[in-house]
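Below, each chain spelled out in residue letters.
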Amino acid sequence: MKIAVIGAGGIGGYLGGRLSQTGNQVTLVARGGHLNAIRQNGLRIESPFGCAHLTSIEATDNIAAIGPVDIILATVKLPDLNDVARQFSSMITETTRIITLQNGIDAKPMIAQFTNADRIAQGVIYLAADIKEPGTIMTPGGKHQMLVDDLNGDATMAALFDEIDRAEAIDVTRSRDAEKVVWSKFTAQASIAGVTALTRLPLGGVFASQEAKVLLAQMIDEAIAVASAKGIQLDPDHRETVFRTYGAQPGAQSSSLLVDIEAGKPTELQWLSGRVHALGKELGVPTPAHSVTWNALAAVKDGPATIRA
Ligand SMILES: NC(=O)C1=CN([C@@H]2O[C@H](COP(=O)(O)OP(=O)(O)OC[C@H]3O[C@@H](n4cnc5c(N)ncnc54)[C@H](OP(=O)(O)O)[C@@H]3O)[C@@H](O)[C@H]2O)C=CC1
Ligand SMILES: CC(C)(CO)C(=O)C(=O)O
C-alpha cells in the first residue's frame, strides 16, 4: 500500500518503519535534525521485539510533493495537527483513508474541518515509543496494541489491517465502536498524564505511591463522570482496568505529557486535563483534580513558562 506518515516521531516512525519493512511504499514526513538523519542514515527502530534499520525509506518535509496515497497516518501531536491537516487534500482520492491515533477526543473533528469525516478512521494506540536520537525510534516494550475504526468493513481499511497483521508490528483490533474506544483511552490517559505530570513520576513511581494512586483514582472517576454526562457508556470496571493495564507497564515508562513538559516542548495538556476541565464546566460535572492539574500546568502547556521580571 502507499502510506504517508504525517509526523514520523515515536508512534509514526514505529508504525511507518514496520509497514515499510514488509514492502509497503511508505513516505515519512518529518522535519529538522530527525529528517536530516533519516535522509542521511535511514530510520532505525530499537525494540525488544526486533530492531530494524531501513536505509531506503522515503522522507520529506513537503506534504504537497507526496501525491495520492491509500492511507494517511496522522501522527503529529495535537498542537501541530491543524497545520498539517489543511495540507492533506493533494494526497486524497476517493479511496484514501486517514487514521488518527492521537490521545484525547479531538483529532477526528480537527481533521474533519478540512476533509470529509467519512474517510477518517479514529483510533487509539497503546505503545510507548519516542525519538531516542535523530533518526532512531525507541520502544522499551510493554503493551503494543491499536484499536481503530474499521469504517464498516471499508476495503482500504481492511487492506491496512491485513498489512499491520503481516508486519507483526502491533496487535490491531478492527473496531465497530470507535467512540467508546477513544473515550476509554481519553479518560485513562488524561488521568495518567495528569498524575505523572503533577508528580513528575513515571508509572512505576505513581503505582508505588498510595497518595498518587488515590489521586489517579479520583481523576479517572471525574473523567468517567464527564463521559457519562456526554452519553458515553464506558465499561463498569473501567477504573480497575486502567489500574491493571497501566500498573503492568514497565515502571520507567513515562507519559508523553511529562516528556514534553520536561523537554520544554508544546504539550497536549489542553486536550487532556484541560479538556476534562472544560467539559466538566460545560456539563456541570465537578472535576476538581483535573481542574487543579489544568490550572497548575497551563503555564507550561505551550513550552517553558513566561517568568515576569
Ligand atoms: N509516544 C507515545 O508513546 C504515545 C503517543 N501517543 C499519541 O500519539 C501522537 C503522536 O505522539 P508522538 O509519536 O509521541 O509524537 P512525536 O513528537 O514523537 O512525533 C511527532 C513528529 O511529528 C513531527 N512534526 C510535527 N509537525 C510537523 C510538520 N508540520 N512537518 C513535519 N514534521 C512534523 C514532530 O517534529 P518536532 O519534534 O520537530 O515537533 C515529531 O517528530 C500524540 O497525540 C500522542 O499523544 C499515543 C500513545 C503513546
Ligand atoms: C502512557 C502511554 C505511553 C500509554 O500508551 C501514552 O499513551 C502516552 O504517554 O501518550
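Residues numbered from 1 in each chain as written. Chains lettered and ligands numbered in written order. Predicted model: local features only at pLDDT ≥ 70, side-chain atom pairs only at ≥ 80, totals over all residues. Heavy atoms only, no water.

- As annotated in an unreviewed UniProt entry, the protein chain carries the name 2-dehydropantoate 2-reductase and is attributed to Boseongicola aestuarii.
- On record in UniProt, under Function (unreviewed entry), the comment for the protein chain is "Catalyzes the NADPH-dependent reduction of ketopantoate into pantoic acid."
- Quoted straight from UniProt, the Pathway (unreviewed entry) entry for the protein chain says "Cofactor biosynthesis; (R)-pantothenate biosynthesis; (R)-pantoate from 3-methyl-2-oxobutanoate: step 2/2." (UniProt positions renumbered as here; feature names shortened; annotations may be inferred.)

1. Observations regarding the nonpolar core
Now for step 1: Counting 38 residues, the largest nonpolar core has Trp183, Phe186, Phe207, Leu216 and Tyr246 as its most contacted members.
Now for step 2: If you list the elements that add at least two residues to this core, you get strand E8 (120–126), helix H6 (178–199), helix H7 (203–207), helix H8 (210–229), helix H9 (238–247), helix H10 (256–263), helix H11 (273–283) and helix H12 (288–297).
Now for step 3: Residue contributions to this core peak at 10 residues, all from H6.
Now for step 4: Residue contributions to this core reach at least three from each of two domains, namely domain 1 (2–176) and domain 2 (180–300).
Now for step 5: In terms of nonpolar packing, the next biggest core, distinct from the first, is built from 36 residues, Leu15, Ile45, Ile57 and Ile164 among them. (Core = buried A, V, L, I, M, F, W, Y, C linked by side-chain atoms within 4.5 Å. Buried < 20%, exposed > 50% of the residue type's maximum accessible area, 1.4 Å probe, protein only. Helix = DSSP H or I, 4+ residues; strand = E, 2+ residues; numbered from the N terminus. Domains from an automatic or database assignment.)

2. Here we look at H6
Now for step 1: With 22 residues, H6 should cover 32 Å at 1.5 Å per step; its first-to-last C-alpha distance of 31 Å lies within 8% of that length.
Now for step 2: Of all 22 residues in H6, 18 are buried; the element is thus mostly enclosed.
Now for step 3: One or two positions beyond H6, positive phi appears at Arg200, with a value near 60°. (Expected span 1.5 Å × (residues − 1).)

3. Considering the domain arrangement of the protein chain
Now for step 1: Each assigned domain of the protein chain is listed with its residue range as follows: domain 1 (2–176) and domain 2 (180–300).
Now for step 2: Each of domain 1 and domain 2 has a C-alpha centre, and the two are 25 Å apart.
Now for step 3: Each partner contributes to the interface: domain 1 provides 18 residues, whereas domain 2 provides 21 residues.
Now for step 4: Of the roughly 1,800 Å² buried where domain 1 meets domain 2, counting both sides, 64% is carbon and sulfur surface. (Contact = heavy atoms within 4.5 Å. Buried area = accessible area lost by both parts, 1.4 Å probe.)

4. Some thoughts on the UniProt feature "domain: Ketopantoate reductase N-terminal" (unreviewed entry) in the protein chain
Now for step 1: Those residues carrying the UniProt feature "domain: Ketopantoate reductase N-terminal" (unreviewed entry) are residues 3–148 in this numbering.
Now for step 2: Secondary structure within residues 3–148 divides into 25% helix and 31% strand; the distance between the first and last C-alpha atoms comes to 16 Å.

5. So, helix H3 (residues 78–85)
Now for step 1: Considered for burial, the residues of H3 that qualify are Leu78, Leu81, Val84 and Ala85. Down the axis of H3, the sector holding all buried residues measures 100°, keeping them to one side.
Now for step 2: Each element contacted by the buried residues of H3 is listed here: strand E1 (2–6), strand E6 (71–74) and helix H4 (107–112). (Arc of directions from axis to C-beta.)

6. Notes on the pattern of salt bridges
Now for step 1: A complete count under the given rule lists 12 salt bridges for this structure.
Now for step 2: Across the salt bridge formed by Asp106 and Arg275, the nearest N and O atoms sit 2.9 Å from each other. Taken together, the positions of Asp106 in the loop between strand E7 (97–100) and H4 and Arg275 in helix H11 put the pair 169 residues apart, joining distant regions of the chain.
Now for step 3: Judged by its relative accessible area of 22%, Arg275 is partly exposed.
Now for step 4: Salt bridges sharing common partners tie together Asp162, Asp165 and Arg174. (Salt bridge = Lys/Arg side-chain N within 4 Å of Asp/Glu carboxyl O.)

7. Some remarks on the packing of H6 against H8
Geometry of a packed helix pair, given as the angle between the helix axes and the separation of the axes.
Now for step 1: With their axes 9 Å apart at the nearest point, H6 and H8 run at an angle of 145° to one another. The way H6 lies across H8 gives a crossing that is right-handed. For the pair H6 and H8, the contacting residues are Trp183, Thr187, Ser191, Ile192, Gly194, Val195 and Leu198 in the first and Ala212, Leu215, Leu216, Met219, Ile220, Ala223, Ile224, Val226 and Ala227 in the second.
Now for step 2: Class assignment of the residues belonging to the contact of H6 with H8 gives a composition of 13 nonpolar, three polar and no charged. (Axes fitted to C-alpha atoms, helices over the stretch in contact; angles between N-to-C directions. Left-handed = near helix turned anticlockwise from the far one by under 90°. Nonpolar A, V, L, I, M, F, W, Y, C, P; charged D, E, K, R; others polar.)

8. Some thoughts on unusual backbone geometry
Now for step 1: Positive phi is not limited to glycine here, since Leu151 has a value of about 50°.
Now for step 2: By the secondary structure assignment, Leu151 is in the loop between strand E11 (145–149) and helix H5 (155–167).
Now for step 3: Phi is positive for Arg200, close to 60°, though the residue is something other than glycine.
Now for step 4: For Arg200, the position within the fold is in the loop between H6 and H7.
Now for step 5: Its relative accessible area of 41% is what places Arg200 among the partly exposed residues.

9. Section: the sheet that holds strand E10 (residues 136–138)
Now for step 1: The four strands lie next to each other as E4-E3-E10-E9, forming an open sheet whose pairing is mixed. The open sheet is flanked by strand E4 (52–54) and strand E9 (130–133), the only strands paired with a single partner. Taking each pair of neighbouring strands and ignoring which way they run, the sheet shows an average axis angle of 30°.
Now for step 2: Relative to E4, strand E3 (residues 43–46) runs antiparallel, the two sharing three bridges. Bridge pairing links Ile45 to Ala52 in E4.
Now for step 3: Seen against the sheet, helix H1 (residues 10–21) touches E3, E4, E9 and E10 and runs at an angle of roughly 100° to E3. (Pairing = 2+ DSSP bridges.)

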